[in-house]
Every structure is written in C-alpha cells, then in structure tokens.
Amino acid sequence: MIILLESTDIAKSSDRIKQLYLFLCNSYVKDLVGGVYCVYLQCKTYTRCRRNVKMEQEMYSYKYPHPSVATDCVIFGFDGMKLKVLLIERGAEPYKGKWAFPGGFMKMDESAEQGALRELKEETNLSPYYIEQFHCFTDPNRDPRERVISIAFFALVKIAEVKGGDDAAKAEWFSMDEIPQLAFDHDLILRMALDKLRERIHFQPIGFELLPNKFTLKELQMLYEAILGVNFDRRNFAKKMLYLDILTQLEETVWPTPKRKAYLFSFNREKYDELKQKGFKLEF
C-alpha cells in the first residue's frame, strides 16, 4: 500500500495544480517500513507546490467588495373579476410587519430562477405556471442592511389559498387597487412588472395561464380588461377573438345569468403557435 501525504492546500486545489504536484513528486524519497511505502514531500517540492497554489488563488480572487444577490417574484393571479398580486408580510427586520414580494438571497449553487422558485415555494407553497425574469434592480440604497442586487421575476398562477412559510409571517392576495405600502423598492418593482405583463400579453398567450381550462368569452374579456386597464365593447371583443381562431368552442354551456346561457371555450395552443410563426401580434 502507498500512503501519499498531501497538504490541505493541494488537496483543495484544481486538477492542474494536482497534476503539477504529481509531476514534482517524482523526486520523493522511499522508505520500506514493514512492507508499507511511505512517500514524503521533499521540502523543495512542497514549497514549489505551495507557491503555485497561492498564485492560482490570487489569480481567481478579486479584491473588490462583492454585493449580495437576491430574487423577488411578483405573482399575478385572476379571481374571475380582478387582477390580483400575492404579497407576504415580513416576519423579520428590516421592514418587519410590512408587505413585500416573496423572495430572498440566492444560494451559491443555484441560478436566479431556481432561487426565485425555491423562495416562492418556501414562503407560499406555490409553483407558477409561467415565470419570466424582467429586470435587475441595483440602486445602492435599496436595502438598509447592505448592498443588495435584486433580480426580479413575474409569474402567473391560478389563485389558491396560500399560507406564509419560512420567514414570511403570512401571505395574502391583494387587488391592484388595494395594494398596501410595500417594503424596500417593491412599489417600483410592481409597476415595472405590470408594464411587462401588459407588453407580453400582446405577443404571448400568457393570459390564458390565469384562467381555468374552460372559460367563457366574458371571463376572457374581463381578464384582458383587468390586465390592460381598459374597457372593451363586448361584441367587438368576442368577434375579434373568434376571428383569430385561437379558441375552441366546446359543447358545454353555463348560465351566467338566469336569462342567458354562455358557451365555454378552451385555448387552442396549436393554432396560436401557427399564427406566432407568421409574426402574430394581438392588437386591441
């Protein structure tokens, strides 16, 4: 059996340094003691290896201060009448007791999106149908603790009951016209997230992620009105959506009022993908 005594520095170094170490160790001294070969690093060899390890550490170490990186996620939902946003009540300082978006600091072994999804799961137990990174917030004074850069996402989920977890005291859905004062710079994050959602809805069918699989034209119209902040003529909206042929009319009906029944529809993604390849944009 051969026992190789490596230094801690060499054991933690890169493959390149280890290869150099093995090359230099051709000058080892062997002693046979009880059938065991003991390999010792000569003083000169050890010094050369230490020097190379130190050079590599300095090569990939930066003297500049490193800011912390966090993620924040704006979660949109639709209750059938209003667009809503999910907020968590902070359970710790800073801004303890204030409302904010789910989020937190990234781990060293995860991407920004992985960090956002993890924090969302820990704090609300939700998994979004759609998530997109939309901006990076870098104001040096946005966090009173230290320099924190926030990578922001917006996500779409079907509204469900939520319960705060991890460092969130509680979680709650708020209508866009009932948003309380938010912690940090989250009011700015919300405005930019809503602008991005309104932009995306013209180019992608992300609005359908907020609806049940079967919906009425009235529900679809109310969703688009809630997101875009406008009112549409009922007949014109229905005519336009049916003309695009991205909806499949089902045989099922519901009675939204005692005197009028309404057909249910589903989203035709295949037809939408065909239109998208032709440069389709949903104009109102």
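Residues numbered from 1 in each chain as written. Predicted model: local features only at pLDDT ≥ 70, side-chain atom pairs only at ≥ 80, totals over all residues. Heavy atoms only, no water.

### A word on the overall build of the protein
- The secondary structure content of the protein amounts to 8 helices and 12 strands.
- Classification of the 284 residues of the protein by burial places 42% in the buried group.
- For the protein, the accessible area works out to roughly 17300 Å², and carbon and sulfur atoms hold 51% of it. (Helix = DSSP H or I, 4+ residues; strand = E, 2+ residues; numbered from the N terminus. Buried < 20%, exposed > 50% of the residue type's maximum accessible area, 1.4 Å probe, protein only. Areas by Shrake-Rupley, 256 points an atom, 1.4 Å probe, with all protein chains shown as cover.)

### Concerning helix 4 (residues 112-124)
- Spanning 13 residues, helix 4 covers 18 Å between terminal C-alpha atoms, matching the ideal 18 Å at 1.5 Å per step.
- Within the sequence span of helix 4, burial applies to A112, G115, A116, R118, E119, L120, E123 and T124.
- Phi turns positive one or two residues past the end of helix 4, at N125, with a value near 65°. (Expected span 1.5 Å × (residues − 1).)

### Description of the pattern of salt bridges
- Using the criterion set out here, one finds 15 salt bridges in the structure.
- With its nearest N and O atoms 3.6 Å apart, the salt bridge here joins K196 to E199. Pair noted here: K196 and E199 are both in helix 5 (residues 186-200), with a separation of 3 residues, about one helical turn.
- Judged by relative accessible area, E199 falls into the partly exposed class, the value being 37%.
- Between E274 and K271 there is a salt bridge, with the nearest N and O atoms lying 3.9 Å from each other. Here E274 pairs with K271, and both are found in helix 8 (residues 269-277), just 3 residues apart, close to one helical turn.
- Residue E274 is classed as partly exposed on the basis of its relative accessible area of 44%.
- Shared partners join several salt bridges into a network, and the residues in it are E110, R118, E119 and E122. (Salt bridge = Lys/Arg side-chain N within 4 Å of Asp/Glu carboxyl O.)

### Comments concerning the pairing of strand 5 (residues 83-90)
- Burial analysis of strand 5 places 8 of its 8 residues in the buried class, the great majority of the element.
- Residues of strand 5 alternate between two faces, with L83, V85, L87 and E89 on one and K84, L86, I88 and R90 on the opposite face, all of them buried.
- In terms of strand pairing, strand 4 (residues 68-78) meets strand 5 through 4 bridges, oriented antiparallel. Residue pairing for strand 5: F78 is matched across the bridge by L83.
- If you look at the hairpin formed by strand 4 and strand 5, you'll find 4 residues sitting between the two strands, and G80 has a positive phi there, around 100°.
- As paired elements, strand 5 and strand 6 (residues 99-100) share 2 bridges and run antiparallel to each other. Bridge pairing links I88 to A100 in strand 6. (Pairing = 2+ DSSP bridges.)

### Here's the deal with the packing of helix 6 (residues 217-228) against helix 7 (residues 234-244)
- Helix 7 packs onto helix 6 with a crossing angle of 100° between their chain directions and a minimal axis gap of 10 Å. Here helix 6 is positioned roughly perpendicular relative to helix 7, judged by the angle of their axes. Between helix 6, through L217, L220, Q221 and Y224, and helix 7, the contact on the second element is made entirely by R234, F237, A238, M241 and L242.
- Partitioned by chemical class, the residues of the contact of helix 6 with helix 7 number 7 nonpolar, 1 polar and 1 charged. (Axes fitted to C-alpha atoms, helices over the stretch in contact; angles between N-to-C directions. Parallel < 35°, antiparallel > 145°, perpendicular 65-115°, else oblique. Contact = heavy atoms within 4.5 Å. Nonpolar A, V, L, I, M, F, W, Y, C, P; charged D, E, K, R; others polar.)

### Some thoughts on the packing of aromatic side chains
- Applying the stated criterion across every chain yields a total of 11 aromatic pairs.
- Centre to centre, the rings of W99 and F174 are 5.0 Å apart; their planes meet at 75°, and the pair counts as edge-to-face. Pair noted here: W99 is in strand 6 and F174 is in strand 10 (residues 168-175), with a separation of 75 residues, a long-range link.
- Of the residues examined, W99 reaches a relative accessible area of 12% and is grouped as buried.
- In this structure an aromatic cluster arises from ring pairing among F76, Y130, F134, F137 and F154.
- In this structure, K158 is placed above the aromatic ring of Y129, and the distance from its NZ or CZ to the ring centre is 4.2 Å. (Phe/Tyr/Trp six-rings, centres within 6.5 Å; stacked < 30°, edge-to-face > 60°. Lys NZ or Arg CZ within 6 Å of the ring centre and 35° of its normal.)

### Regarding the confidence of the model for the protein
- Within the protein, residue pLDDT values average 81, and 76% of them lie at 70 or more.
- Of all helices and strands in the protein, the one with the weakest mean pLDDT is strand 2 (residues 29-33) (39), whereas strand 9 (residues 148-156) scores best (97).
- Under a pLDDT of 50 for its full length, residues 1-13 has, in the predicted model, 28 contacts with residues more than four places off or in other chains.
- Across residues 26-44, confidence stays below pLDDT 50; counting only partners more than four residues off in sequence or on other chains, it has 31 contacts. (pLDDT = per-residue confidence, 0-100.)

### Description of the nonpolar core
- In this structure, F76, F154 and F208 are the most contacted members of the largest nonpolar core, which totals 47 residues.
- By residue number, the principal contributor to this core is helix 6, which donates 7 residues.
- Other than its neighbours up to four places away in sequence, F154 contacts V74, F76, Y130, I131, E132, F134, A193, K196, L197, R200 and I206.
- Of all hydrophobic cores here, the second largest spans 16 residues; its members include C73, I75, A116 and V157. (Core = buried A, V, L, I, M, F, W, Y, C linked by side-chain atoms within 4.5 Å.)

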